[in-house]
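Per-entry structural report
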Amino acid sequence: MLLQSIIVILRFLVVTSSRIESKIVSGEKTKIKYHPYSAALLISQGASSHICGASIVNQKVLLTAAHCFEDTQTLKTKGSAHIGHSNMYKGRVIKLSTLMVHPKYDTVEITCDIALVGLKREIQFGRSINRVALARRRPRKGPAMIAGWGLLEEEPRKDTDVLYETRQRVWPKRDCVKLLVDIPKGTFCGGQGPDGGYPSNGDSGSPLIIDGYMQIGLVSFKKMDISTSVIVYTDTTHFYKWIAKNAKAVFLINRVALAQRRPRAGLALIAGWGLLSEEPYKDTDLLHETEQEIWPNHQCVKLLRKLPEGTFCGGEGRHGGYPSMGDSGSPLIVNGYLQIGLVSFKKIHVSRSVIVYTDVAYYYKWIVENARNVFCG
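Below is a short write-up of the structure. (Residues numbered from 1 in each chain as written. Predicted model: local features only at pLDDT ≥ 70, side-chain atom pairs only at ≥ 80, totals over all residues. Heavy atoms only, no water.)

What follows is about the pairing of strand β13 (residues 187–192). Among the 6 residues in β13, 5 count as buried, and that is most of the element. Across 4 bridges, the pairing between β13 and strand β16 (residues 231–235) is antiparallel. Across the sheet, residue Thr 187 finds its bridge partner in β16, namely Thr 234. (Buried < 20%, exposed > 50% of the residue type's maximum accessible area, 1.4 Å probe, protein only. Helix = DSSP H or I, 4+ residues; strand = E, 2+ residues; numbered from the N terminus. Pairing = 2+ DSSP bridges.)

Here we come to the pairing of strand β6 (residues 61–64). Burial along β6 is two-sided: Val 61 and Leu 63 and Leu 62 and Thr 64, pointing in opposite directions, are all buried. Here 3 bridges tie strand β5 (residues 48–58) to β6, and the two strands are oriented antiparallel to one another. Looking at the pairing, Ser 55 lines up with Leu 63 of β6. As consecutive antiparallel partners, β5 and β6 are separated by 2 residues. By the bridge criterion, 4 bridges tie β6 to strand β9 (residues 115–119) in an arrangement that is antiparallel. Opposite Thr 64, over in β9, you have Ala 115 as the bridge partner.

Within the largest apolar cluster, 67 residues are counted, with the highest numbers of intra-cluster contacts made by Leu 41, Leu 62 and Ile 123. In contact with Leu 41, not counting residues within four places along its chain, are His 50, Ile 51, Cys 52, Gly 53, Ala 54, Leu 62, Thr 64, Phe 69, Ser 80, Ala 81 and Leu 96. Within the second largest apolar cluster, 8 residues are counted, among which are Cys 176, Leu 180, Ile 183 and Val 230. (Core = buried A, V, L, I, M, F, W, Y, C linked by side-chain atoms within 4.5 Å. Contact = heavy atoms within 4.5 Å.)

What follows covers the side chain of Asp 359. Within the fold, Asp 359 resides in strand β23 (residues 355–359). Residue classification places Asp 359 among the buried residues on the basis of a relative accessible area of 7%.

Moving on, we get to the state of the cysteines. Note: disulfide means a covalent bond formed between the sulfur atoms of two cysteine side chains. Taken as a whole and assessed by the stated rule, the structure comprises 3 disulfides. The partner cysteine of Cys 176 in its disulfide is Cys 189, sulfur to sulfur 2.0 Å. What sets the handedness of the Cys 176 and Cys 189 disulfide is the S-S torsion sign, and at about -100° it is left-handed. Taken together, the residues span a long stretch of sequence, with Cys 176 in helix α2 (residues 173–180) and Cys 189 in strand β13 at a distance of 13 residues. Bridging Cys 300 to Cys 313, the disulfide has an S-S length of 2.0 Å. In this structure the cystine formed by Cys 300 and Cys 313 twists about its S-S bond by roughly -95°; its chirality is therefore left-handed. (Disulfide = S-S within 2.5 Å.)

What follows is about unusual backbone geometry. Pro 280 follows Glu 279 through a cis peptide bond whose omega is 0°. The backbone of Cys 112 shows a phi angle near 50°, a positive value even though the residue is not glycine. Of note, Cys 112 is situated in the loop between β8 (92–101) and β9. You can call Cys 112 buried: its relative accessible area is 13%. Despite not being glycine, Val 181 has its phi angle at roughly 75°, a positive value. By the secondary structure assignment, Val 181 is in the loop between α2 and β13.

So, on to the packing of aromatic side chains. Scanning the model with the defined rule gives 3 aromatic pairs in all. A ring pair is formed by Phe 312 and Tyr 357, whose centres lie 5.6 Å apart and whose planes are at 20°; its orientation type is stacked. Of the two residues, Phe 312 is situated in strand β20 (residues 311–316) and Tyr 357 in strand β23; the sequence distance between them amounts to 45 residues. Taken individually, Phe 312 and Tyr 357 each receive the classification buried, so the pair is uniform in this respect. (Phe/Tyr/Trp six-rings, centres within 6.5 Å; stacked < 30°, edge-to-face > 60°.)

A cluster of like positive charges, contributed by Arg 136, Arg 137, Lys 241 and Lys 248, occupies part of the molecular surface. Inspection of the secondary structure puts Arg 137 in the loop between β10 (133–134) and β11 (142–148). Assessed through its relative accessible area of 62%, Arg 137 is described here as exposed. (Patch = residues over 30% accessible without salt bridge, like charges linked within 9 Å, V, L, I, M, F, W, Y side chains within 5 Å. Areas by Shrake-Rupley, 256 points an atom, 1.4 Å probe, with all protein chains shown as cover. Salt bridge = Lys/Arg side-chain N within 4 Å of Asp/Glu carboxyl O. Lys, Arg positive; Asp, Glu negative; His and termini not counted. Charge placed at Lys NZ, Arg CZ, Asp CG, Glu CD.)

So, on to the pattern of salt bridges. Counted under the stated rule, the structure contains 6 salt bridges. Among the ionic pairs, Arg 261 bridges to Asp 211, the shortest N-O distance being 3.3 Å. Of this pair, Arg 261 sits in the loop between β17 (257–258) and β18 (266–272) while Asp 211 sits in the loop between β14 (207–210) and β15 (214–223); the two residues are 50 residues apart in sequence, bridging distant segments of the chain. Residue Arg 261 is classed as partly exposed on the basis of its relative accessible area, which comes to 49%. The partly exposed category is assigned to Asp 211, whose relative accessible area is 44%. When the shortest N-O distance is used, the salt bridge between Lys 346 and Glu 278 registers 2.8 Å. Separated by 68 residues along the polypeptide, Lys 346 in the loop between β22 (338–345) and β23 and Glu 278 in the loop between β18 and β19 (288–294) bring together distant segments of the chain. As far as the burial class goes, Lys 346 and Glu 278 line up, both buried. Sharing partners across several salt bridges, the network here consists of Glu 278, Glu 279, Lys 346 and Arg 352.

It is worth spelling out a nonpolar patch on the surface at this point. Taken together, the side chains of Tyr 362, Tyr 363 and Trp 366 make up a nonpolar region of the molecular surface, amounting to roughly 360 Å² of accessible area. Examined against the element boundaries, Tyr 362 turns out to sit in the loop between β23 and α5 (364–375).

Here is the structure:
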C-alpha cells in the first residue's frame, strides 16, 4: 500500500461537464501536423469520464496506458478517440470498440502499463492524421519530445483544450534508480528538457517521440513525493513484439513507415516476387525474402564508379541472396517496418548482386507531399 500512496497515475482529469481538463505543464502550443500520430481518449466509466493520450498504431488501433482503463471490467469500453486537430473538440471523433490490456498489468506495482484500443471505424490518413513508427530499440539517454492534452499548470490548476508539447530528456537507468530507488521492468524515466515542461494529469498514454516520428515510450506515472517532473515511461521497445502481434490481431493490413534518415551501413531486408534464379531462368508466384548489406557510399563508388544523386547501394547479406528481374520497386526495410529504399537497378557487367536503391529518405518530403495530393483526390 505504500507504493500506491506515493505513485500518481497521470490519467485523472475528470469530465464533469462538456469541457475536458487538459495540457502539458509549462509546454508550448503546437500544431497537430507536427504530432499527427497523437490522439486524445475520452473514456467513459459510470457517471464520469476522464482523458488520456494515445498514439495511432494503424487504421484501427491506438496504443495507450493500461491504467487509463483500470476501472473497466470488460473487453469492450465506452469512449471516443479525438484525432486530426490540435483542439480536440474540432477534430474527428471515432468511438472506441475493443480493449486489450497487457495480461501482466499490475495495478499496484504499475508493471506492463500498456494497452491497445480498437476503433469502430477505420482512420483515414491525411495531412494531420498519421500513424506512429514504433522503435525496436531506444536510446539510453538523450532528447525526446512529448505532446498531450494534460494540465498546463498543477498549482493553481489550469487546463485547456489545445495540444501542447515539451522537450524531455531520457535518463540513463542508473540516474533513474538513484533518484527513484526502483522502477518496474519494461520502463525507463525522463526529466525536463531545455523547455522546463513535463507531463501531468491527462497525459497518461501520450507517446514519447524521438526523431520526429519514432515512439520509444508512453507516459505511465510519477512519484510525487520525490519529483513532480521526473516521469516513468512504459518502454514501448520492450513491448514491441506484444504490440505488433496484438495490433495485427485487430487489424491485419498495415502500412510501411518511411524513414526520414537511413543508416549509412548495416543490414536490411527485402522481399519480392522476382526471379529465384537468373541462370537458368526460374520464376515464382510466392513471396521470397533475403538479407542485404547496406554499403557505405565510398564502397559503392569504388565498385560502381558513379551513383545517381538520391541513391545508395547494397550487396548480399549473410544468406547470399539479392533482388532480380521482377523485384524493381520492392521496399528495402530496416527494423522490420521502416523503409529506407526501393530496388532501382544494377550494373550487370560489374556485379549481379550489388543493387542500386532509390533512397526513400532522400525523397521523403516529395513522397509525403505527393501522397497527400493523391490521398486527398
